[in-house]
Amino acid sequence: MDETLQGVGVSHGVAIGPVRHMGTAALEPPEERIPVERAPQEQAWARQALEAVAADLRARGNLAGGEAQAVLEAQALMALDPELGADVRRRIAVGSTAARAVHDAVASFRAVLAAAGDYLAGRVADLDDVRDRTVARLLGVPMPGVPDSDEPYVLVAHDLAPADTALLDRTLVLGFVTEEGGPTSHSAILARAMGVPAVVALPGATSLEEDVVVAVDGSTGEVVVAPSPELRAELRRAAEERRSALASASGPGRTSDGHRVPLLANIGGPADVAAALRAGAEGVGLFRTEFLFMEDSERAPSEDRQVEAYREVLEAFPEGRVVVRVLDAGADKPLGFLTPADEPNPALGVRGLRTLLDHPEVLRTQLRALGRAAEGLPVHLEVMAPMVADRVDARAFAEACRSVGLRAACGAMVEVPAAALRARAVLQEVEFLSLGTNDLAQYAFAADRQVGAVARLQDPWQPALLDLVAAAAGAARETGQGCGVCGEAAADPALACVLVGLGVTSLSMGPAAIPYVRSALARHTLAQCGRAAAAARAADTAEEARAAAHQVLSGE
Ligand code: PEP
Ligand code: MG
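Owing to the predicted nature of the structure, the values given are computational and were not obtained by experimental measurement.

Engineer: Would you explain the overall build of the protein chain in this entry?
Structural biologist: A tally of regular secondary structure across the protein chain gives 23 helices and 16 strands. Its C-alpha atoms put the protein chain at 85 × 65 × 40 Å along the principal axes. Per-residue burial for the protein chain yields a buried fraction of 55% across its 556 residues. By sequence separation, contacts in the protein chain at least 24 residues apart represent 67% of the contacts at least 6 residues apart. Summed over its atoms, the accessible surface of the protein chain is roughly 23000 Å², and 53% of this surface lies on carbon and sulfur atoms. A gap of 4 Å separates the mean positions of the 51 positive and 75 negative side-chain charges of the protein chain.

Put into structure tokens, the structure is as follows:
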């Protein structure tokens, strides 16, 4: 009998493949002593392991290219450092095992680096990674970080942070399964951006055996362990039929009675543009610029590097709309050189726009780079700030845009309930709103978006969240300004209809969801969307809201 586990499906489609676990940091090797005659053998193992780690880091650098390559090359040099090698040999000569000697030698190097001022202290994490990789190799346990595999696999992890996944090989990852995380966690967002199926909040995910084949259904949230060949074939056939039916629909987003709702893509950088174009995105509704800022762990990318990355995206949508979010650092997207390390509650601390107002030079450089990137292009560039809480925040951002002479519409993300409730005041300062429903749910329900145990409260069908959407969209309608949704709520086809019924003017989502949402809108009138929205808001729970809206939309 196949065993079926139930999690939360967050990215459509079916993936079938062997499990590979995201390696966790290597354990501390035991303090056992070795007889002196074993020393030469252990010394050879240590040298081979350090050399293999360096070669592997270089190979990954070649694959990644750009600034990531420089970082990985520097790390490879650490592994080959002659002083480190000599210290390891000395420790083995007096009785350490190879793994313990590497561990302890790195610890003493680490202390020197950590005390050597900001720049070198920032390299400590890279050195730790060299240690973990070498120790893992010597102990024969999985490498920390993304698995090494030549064949496609289903990535299983406790949860995934953006930094974990920067180097993921998109041709190898068939799908994701995580133990933690909710529908708006980064694992979910990343899966949708990559267009691979994903299930999150799956109890026991990390206990799945390495190499066992699983079938991941990203729509139902089911994960079948060791499915029979018949079931595999059946699941593949059903997923394929659905995909080809959707792929045949195209064109701009509109309801069946012709009400236009631009369908835009959420992207993390130039690498996501191709998928957005394939899905027929009418532009970009959320360009998350954090990934660019993660290329170097010590400093922001230069203005020229930013111009290059932004221009690549802007050129892909001639005459289209591209909404760029300025850097959203902090909380679930920490950046070492900007995010305070000692906040008791990072999600409630200095993050998003607050970070940028504390570092005005970072904001101004980014805005200048955006202006330069758009020069001479017919694209409609828009910029927006994350985590705007009130009119004061909105004004500060608008002033920053004006101060660099940026010729672009300037907007505010509504992610804090206060901004939704007072949207009219925020709209006095900026030209448009974009609802970030992921954070809006987190803050409305006091439910951390990274914690699987509170996924229920992160459900975007929660009627209170819909009330906040209605408040912001209503204010924008009165003033005649745009109010889009760029949170993950827009990627649920039925909920997308409800959002349109609440007055939302555009929808932005991971490219893979666009065909599903396009098809749902095309099957319903604006009035039906309005009725579905009213029915959902009249409910008391997310389940009831979902059921009530589905009933209206299915015409029952
Ligand atoms: C959101 O919070 O809804 C959003 C779109 O931003 P992010 O998921 O990047 O925080
Ligand atoms: Mg957000």
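The discussion continues.
Engineer: Could you clarify how one ought to interpret the site of ligand 1 in this entry?
Structural biologist: Inspection of the region around ligand 1 gives 15 residues, with Arg-288, Lys-333, Glu-415, Asn-438 and Arg-449 positioned closest. Contacts to ligand 1 include Lys-333, whose side-chain N or O atom sits 2.7 Å from an oxygen atom. In the environment of ligand 1, an oxygen atom lies 2.8 Å from a nitrogen or oxygen atom belonging to the side chain of Glu-415. Among the secondary structure elements, those contributing two or more residues to the shell around ligand 1 are strand 10 (283–288) and helix 18 (437–444). In terms of residue count, helix 18 provides more of the shell around ligand 1 than any other element does, three residues in total. Grouping the amino acids of the shell around ligand 1 by side-chain chemistry returns four nonpolar, four polar and seven charged.

Engineer: For this particular structure, what's the right way to read the sheet that holds strand 3 (residues 14–21)?
Structural biologist: With mixed pairing, the eight strands of this open sheet are ordered in space as 1-8-7-3-4-5-6-2. The open sheet has two edge strands, strand 1 (3–6) and strand 2 (8–11), and neither has a second partner. The mean inter-strand angle of the sheet, taken between neighbouring strand axes irrespective of direction, is 30 degrees. Across five bridges, the pairing between strand 3 and strand 7 (residues 213–217) is antiparallel.

Engineer: Would you mind going over the packing of helix 22 (residues 526–538) against helix 23 (residues 542–553) with me for this structure?
Structural biologist: Each pair of packed helices gets described by two things: the angle between the helix axes and the distance between those axes. The N-to-C vectors of helix 22 and helix 23 enclose an angle of 155 degrees; their axes lie 8 Å apart at closest approach. The pairing of helix 22 with helix 23 is recorded here as roughly antiparallel in orientation. Viewed along their axes, helix 22 and helix 23 form a crossing whose handedness is right-handed. Where helix 22 approaches helix 23, its residues Gln-528, Arg-531, Ala-532, Ala-535 and Ala-536 are matched on the opposing element by Ala-545, Ala-548, Ala-549, Val-552 and Leu-553. In terms of residue class, the contact of helix 22 with helix 23 is built from eight nonpolar, one polar and one charged.

Engineer: Before we go on, may I ask you to explain the coordination of the magnesium ion (ligand 2) in this structure?
Structural biologist: Six octahedrally arranged donors around a metal ideally form angles of 90 or 180 degrees; four tetrahedrally arranged donors ideally form angles of 109.5 degrees. Only Glu-415 (OE) and Asp-439 (OD) from the protein coordinate the magnesium ion (ligand 2), and they sit 2.0 Å from it. A residue pair is termed long-range when its members are at least 10 positions apart, and Glu-415 in the loop between strand 13 (409–414) and helix 16 (417–421) and Asp-439 in helix 18 qualify at 24 residues.

Engineer: How do you make sense of the domain arrangement of the protein chain when you look at a structure like this?
Structural biologist: You can read the domains of the protein chain as domain 1 (3–23 + 145–225), domain 2 (36–139) and domain 3 (251–554). Once you take the C-alpha centre of each, domain 1 and domain 3 turn out to be 25 Å apart. With 17 residues of domain 1 in contact, the opposing surface of domain 3 contributes 21 residues. Both sides together, the interface formed by domain 1 and domain 3 hides about 1600 Å², and carbon and sulfur atoms give 61% of it. One can count zero salt bridges joining domain 1 with domain 3.

Engineer: Explain unusual backbone geometry here, please?
Structural biologist: Both trends apply: most residues other than glycine have a negative phi, and most peptide bonds are in trans. Positive phi values are uncommon outside glycine, yet Ala-201 reaches one of about 50 degrees. By the element assignment, Ala-201 lies in the loop between strand 6 (198–200) and strand 7. For Ala-201, a relative accessible area of 15% gives the class buried. Phi at Ala-226 is positive, roughly 50 degrees, even though this residue is not glycine.

Engineer: I would appreciate a short explanation of the packing of helix 20 (residues 493–501) against helix 21 (residues 514–522) in the present structure.
Structural biologist: Contact geometry for helix 20 and helix 21: axes closest at 8 Å, N-to-C directions at 55 degrees. By the angle class used here, helix 20 and helix 21 are oblique. Considering only the axes of helix 20 and helix 21, their crossing is right-handed. Taken together, the residues of helix 21 that come into contact with helix 20 (itself represented by Pro-493, Ala-496, Cys-497 and Val-500) are Tyr-516, Val-517, Ala-520 and Leu-521. In terms of residue class, the contact of helix 20 with helix 21 is built from eight nonpolar, no polar and no charged.

Engineer: Explain the sheet that holds strand 12 (residues 380–385) here, please?
Structural biologist: Backbone hydrogen bonds hold the strands of a sheet together, and the pairing may be parallel or antiparallel. One closed barrel holds the eight strands; their spatial order is 9-10-11-12-13-14-15-16, and the pairing between them is parallel. Strand-to-strand, the axes of this sheet are offset by a mean angle of 25 degrees, without reference to chain direction. Direction of pairing for strand 13 relative to strand 14 (residues 432–435): parallel, over a ladder of four bridges. Residue pairing for strand 14: Val-414 is matched across the bridge by Leu-435.

Engineer: Explanation requested: helix 22 in the structure shown.
Structural biologist: Every α-helix winds through 3.6 residues per turn, so residues three or four apart in the chain are directed the same way. Over its 13 residues, helix 22 runs 18 Å from end to end, which matches the ideal 18 Å to within 8%, given 1.5 Å per residue. Taken together, the buried positions of helix 22 are Gln-528, Cys-529, Ala-532, Ala-533 and Ala-536. Looking down the long axis of helix 22, one finds its buried residues gathered within 140 degrees of arc, a one-sided arrangement. Exposed and facing more than 90 degrees away from the buried side of helix 22 are Arg-531 and Ala-538. Tucked inside the fold, the buried residues of helix 22 contact helix 19 (463–479), helix 20 and helix 23.

Calculation criteria
Residues numbered from 1 in each chain as written. Chains lettered and ligands numbered in written order. Predicted model: local features only at pLDDT ≥ 70, side-chain atom pairs only at ≥ 80, totals over all residues. Heavy atoms only, no water. Helix = DSSP H or I, 4+ residues; strand = E, 2+ residues; numbered from the N terminus. Buried < 20%, exposed > 50% of the residue type's maximum accessible area, 1.4 Å probe, protein only. Contact = heavy atoms within 4.5 Å. Areas by Shrake-Rupley, 256 points an atom, 1.4 Å probe, with all protein chains shown as cover. Lys, Arg positive; Asp, Glu negative; His and termini not counted. Charge placed at Lys NZ, Arg CZ, Asp CG, Glu CD. Near = heavy atom within 4 Å. Polar contact = N/O pair within 3.5 Å; in protein donor to acceptor, adjacent residues only side chain to side chain. Nonpolar A, V, L, I, M, F, W, Y, C, P; charged D, E, K, R; others polar. Pairing = 2+ DSSP bridges. Axes fitted to C-alpha atoms, helices over the stretch in contact; angles between N-to-C directions. Parallel < 35°, antiparallel > 145°, perpendicular 65-115°, else oblique. Left-handed = near helix turned anticlockwise from the far one by under 90°. Donors = N, O, S within 2.8 Å, 3.2 Å for Na, K, Ca; no water. Domains from an automatic or database assignment. Buried area = accessible area lost by both parts, 1.4 Å probe. Salt bridge = Lys/Arg side-chain N within 4 Å of Asp/Glu carboxyl O. Expected span 1.5 Å × (residues − 1). Arc of directions from axis to C-beta.

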